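Next come the chains, spelled out residue by residue.
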Amino acid sequence: AQSVSQHNHHVILSEAASLELGCNYSYGGTVNLFWYVQYPGQHLQLLLKYFSGDPLVKGIKGFEAEFIKSKFSFNLRKPSVQWSDTAEYFCAVIAMTTDSWGKLQFGAGTQVVVTP
Amino acid sequence: DAGVTQSPTHLIKTRGQQVTLRCSPKSGHDTVSWYQQALGQGPQFIFQYYEEEERQRGNFPDRFSGHQFPNYSSELNVNALLLGDSALYLCASSLGLGLALYEQYFGPGTRLTVT
């Protein structure tokens, strides 16, 4: 069965520190990859997505992610976090098969707390 | 431009009862997907509706059923509620064809508590 793993459940860091959240998936075929963010009291929002092409994708609010096919990874990065980046971050995958397309599979999420 | 809306916001039900949750998709979207998010976990895909038919289904029992109306809004029904059905139920909408299918916009969710 396909799965999505996020390496950390909780991350605490100070403002201006760099952030990297790991995400690995277990599917050998073609995938579409996503990072979603859920700010406190708000609904899930799309941060960035990868469909094809340049494996380094840029999203909103200064976030970027790199797709490394050989490692089945799609790690999220931000060079310098702000207090407003405090949120829960979810990695998600859609496997491009006839029985999975349109079906987002999420990791368990990483709670990120940025301290002033 | 209205985003995805869901009702009700919160709901408390007793074990064994039935519940109906509602979702209106983002303007212009024709596909609705439902997810269950238990506490401390990521959302789990329940099913997806397109053109008033269930197009995809996740690993959920038949107690979970749905419907899509001609105006693209959708309902999620859960029968014979169990304590384990307590969760946040999320609705997501998208366009049904092409790459746009893979960009799903989420609503705020309905928090269901089963006692």
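Rules used throughout
- Residues numbered from 1 in each chain as written.
- Chains lettered and ligands numbered in written order.
- Predicted model: local features only at pLDDT ≥ 70, side-chain atom pairs only at ≥ 80, totals over all residues.
- Heavy atoms only, no water.
- Core = buried A, V, L, I, M, F, W, Y, C linked by side-chain atoms within 4.5 Å.
- Buried < 20%, exposed > 50% of the residue type's maximum accessible area, 1.4 Å probe, protein only.
- Contact = heavy atoms within 4.5 Å.
- Phe/Tyr/Trp six-rings, centres within 6.5 Å; stacked < 30°, edge-to-face > 60°.
- Helix = DSSP H or I, 4+ residues; strand = E, 2+ residues; numbered from the N terminus.
- Lys NZ or Arg CZ within 6 Å of the ring centre and 35° of its normal.

Enquirer: Account for the nonpolar core, naming residues and giving values.
Expert: Counting residues in hydrophobic clusters, the biggest one holds 28 residues, and the most contacted among them are A:Trp35, A:Leu48, A:Phe74, A:Leu76 and A:Tyr89. Excluding residues within four positions of it along the chain, A:Tyr89 makes contact with A:Gln6, A:Leu21, A:Trp35, A:Tyr36, A:Val37, A:Leu47, A:Phe63, A:Leu76, A:Gly109, A:Thr110 and A:Val112. Grouped together as the second largest cluster of nonpolar side chains are 20 residues, B:Cys23, B:Ile46, B:Leu112 and B:Val114 included.

Enquirer: Describe the packing of aromatic side chains, naming the residues involved and giving the relevant values.
Expert: As enumerated under the stated definition, the model contains 14 aromatic pairs over all chains in all. Between A:Tyr25 and A:Phe72, the ring centres sit 5.7 Å apart and the planes meet at 80°, which makes this aromatic pair edge-to-face. On the criterion of sequence distance, the pair formed by A:Tyr25 in strand β4 (residues 23-25) and A:Phe72 in the loop between β8 (64-68) and β9 (73-78) is long-range, its members being 47 residues apart. With relative accessibility at 6%, the residue A:Tyr25 sits in the buried group. Taking relative accessible area as the criterion, A:Phe72 reaches 33% and is therefore assigned partly exposed. Judged by centre distance (5.3 Å) and plane angle (85°), the ring pair of B:Phe47 and B:Tyr49 falls under edge-to-face. A relative accessible area of 0% places B:Phe47 in the buried class. Connected via pairs of aromatic rings, a cluster forms that spans A:Phe34, A:Tyr36, A:Phe51, A:Phe90, A:Phe106, B:Tyr35, B:Phe45 and B:Phe106. Above the ring of B:Tyr50, the side-chain terminus of B:Arg55 is found at 4.3 Å from the ring centroid.

So, to be careful, I would describe these as geometric facts and stop short of saying anything about function.
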